[in-house]
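These are the residues of each chain, in order.
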Amino acid sequence: MTDKMNWQGFRSSHKLPASKKEYKSAMWVAYKADDKEAYQKAAEEAEFEIPEEVMAWIEGPKSELQKLKESQASAEEETEEETEEETEEETEEETEEETKEVIKPEDDIAMFREYSKTMQQLQRFPHAYTPQQKRDMQARLVEIADKTRPPNYRCTPTDGWQIWFGPTQACLLINTTRKLAFTCSRAWWTKRYLNARYVDNQLVHDAKQIDRMRKEYEIRKKLVKRSPLPDVEIMVPTTASEYQMRG
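This report concerns the structure included in the present document. Everything numeric here is computed off the predicted structure, so don't read it as measured data.

### Topic: the overall build of the protein chain
Regarding its fold elements, the protein chain presents 11 helices and five strands. The proportion of buried residues among the 247 residues of the protein chain is 34%. When contacts within the protein chain are restricted to residue pairs at least 6 apart in sequence, those whose partners lie at least 24 apart make up 61%. Carbon and sulfur atoms make up 50% of the accessible area of the protein chain, which amounts to about 16,200 Å² in all.

What follows is the structure, given as structure tokens:
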């Protein structure tokens, strides 16, 4: 069982700005109550990168089934390496088929977390990475986006959009043309698309209304539980030249 931090340790690993003090408090309450879902929701709304100490608590100890799967996967990899030179073409075809397997819900959660973390790193510390590292990180974002959205989704510059704001940081961004919704935070939208045109802004005072809308889209399998990938999954004009091109 993972040892949990006291308040001093928690505070030192959760250095949020004063403007996000409420989220820090919410994360601490959830952490003490062992409510992993509430902690992750507060971290997502605060756009906070979850530290490794807390990730160990969230993921928990590996079950015997997980250990068995990892052992089997390792054995399969060794077998493939031994026969790689003799059956190179066949191995490539098999690998292609493996990548087409259906993503399980627990895999989705891990990829959403990686997507959020990678995007935050590129946004907050752009000068900390080499051009090649940035290209690799961007390619990974594209890869995760491809795997975690409906296969028939295609965005165009003329698609219609709605952004729903509530009393919290949680927002719902809807492509009204494709009938697909993405989750995002108010801070994410403000930072990237504050001056966007052709977006219908909706403000509600009841957070439950946005939660209900999210559930409705989720039931219809039309909800992507992450922010959209700019210029790939969302295309809206944000500059005067882009306005003219669309107009």
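### Some thoughts on the side chain of Glu233
Topologically, Glu233 is positioned in the loop between β5 (223-224) and α11 (240-246). Apart from the residues lying within four places of it in its own chain, the contact partners of Glu233 are Tyr115, Ala145, Arg149, Tyr153, Cys155, Trp161, Phe182, Arg226, Ser227 and Pro228.

### A word on the packing of aromatic side chains
Pairs of aromatic rings are described using the distance from one ring centre to the other and the angle between the two planes. Across all of its chains, the model carries 12 aromatic pairs by this definition. Put simply, the rings of Trp7, Phe10, Trp28, Tyr31, Tyr39 and Trp57 touch in pairs and so form one group of aromatic residues. The positively charged end of Lys4 is found above the aromatic ring belonging to Tyr31, 4.6 Å away from the centroid. Across the ring face of Tyr115, the terminal group of Arg226 is positioned such that the distance to the ring centre comes to 4.8 Å.

### Structural notes on the sheet that holds β5
Within the open sheet, the five strands sit side by side as β4-β1-β2-β3-β5. Their pairing is mixed. The open sheet has two edge strands, β4 (199-203) and β5, and neither has a second partner. Packed on one face of the sheet, helix α9 (residues 186-193) meets β1 (161-165), β2 (170-175), β3 (180-185) and β4 and runs near 95 degrees to β3.

### Some details on the packing of helix α2 (residues 21-32) against helix α3 (residues 36-45)
Look at α2 against α3: their axes get within 8 Å of each other, and the N-to-C directions meet at 165 degrees. On the basis of the axis angle, α2 is roughly antiparallel to α3. In this structure, α2 meets α3 at a crossing whose hand is left-handed. Between α2 and α3, the residues in contact are Tyr23, Ala26, Met27, Ala30 and Tyr31 and Ala38, Tyr39, Ala42, Ala43 and Glu45, respectively. Partitioned by chemical class, the residues of the contact of α2 with α3 number nine nonpolar, no polar and one charged.

### Quick word on unusual backbone geometry
A positive phi angle, close to 65 degrees, is found at Asp34, a residue other than glycine. Within the element layout of this structure, Asp34 appears in the loop between α2 and α3. A positive phi angle is found at Asp231, which is not glycine, with a value near 70 degrees. Looking at where Asp231 falls in the secondary structure, it is placed in the loop between β5 and α11.

### Some thoughts on the pattern of salt bridges
For side chains bearing opposite charge, pairing can occur when the charged atoms are close. Counting across every chain of the model gives 10 salt bridges. Notably, a salt bridge pairs Asp159 with Arg178, separated by 3.0 Å at the nearest N-O pair. Separated by 19 residues along the polypeptide, Asp159 in the loop between α8 (131-147) and β1 and Arg178 in the loop between β2 and β3 bring together distant segments of the chain. Salt-bridge contacts for Arg212 lead to Asp206; the nearest nitrogen and oxygen are separated by 3.9 Å. Judged by its relative accessible area of 45%, Arg212 is partly exposed. Of the residues examined, Asp206 reaches a relative accessible area of 33% and is grouped as partly exposed.

### Things to note about the pairing of β1
Here β1 lies mainly inside the structure; five of its five residues are buried. Burial along β1 is two-sided: the residues Trp161, Ile163 and Phe165 and Gln162 and Trp164 are all buried. Where β1 meets β2, five bridges bridge the pair, whose relative direction is antiparallel. What sits directly across from Trp164, in β2, is Leu172. Hairpin connection, β1 to β2: the antiparallel pair is bridged by four residues. Sheet topology note: the β1/β4 ladder contains five bridges and is parallel. Looking at β4, one finds that Gln162 is bridged to Asp200.

The rules behind each value
- Residues numbered from 1 in each chain as written.
- Predicted model: local features only at pLDDT ≥ 70, side-chain atom pairs only at ≥ 80, totals over all residues.
- Heavy atoms only, no water.
- Helix = DSSP H or I, 4+ residues; strand = E, 2+ residues; numbered from the N terminus.
- Buried < 20%, exposed > 50% of the residue type's maximum accessible area, 1.4 Å probe, protein only.
- Contact = heavy atoms within 4.5 Å.
- Areas by Shrake-Rupley, 256 points an atom, 1.4 Å probe, with all protein chains shown as cover.
- Phe/Tyr/Trp six-rings, centres within 6.5 Å; stacked < 30°, edge-to-face > 60°.
- Lys NZ or Arg CZ within 6 Å of the ring centre and 35° of its normal.
- Pairing = 2+ DSSP bridges.
- Axes fitted to C-alpha atoms, helices over the stretch in contact; angles between N-to-C directions.
- Parallel < 35°, antiparallel > 145°, perpendicular 65-115°, else oblique.
- Left-handed = near helix turned anticlockwise from the far one by under 90°.
- Nonpolar A, V, L, I, M, F, W, Y, C, P; charged D, E, K, R; others polar.
- Salt bridge = Lys/Arg side-chain N within 4 Å of Asp/Glu carboxyl O.

All quantities given are derived from atomic positions and should not be read as evidence of function.
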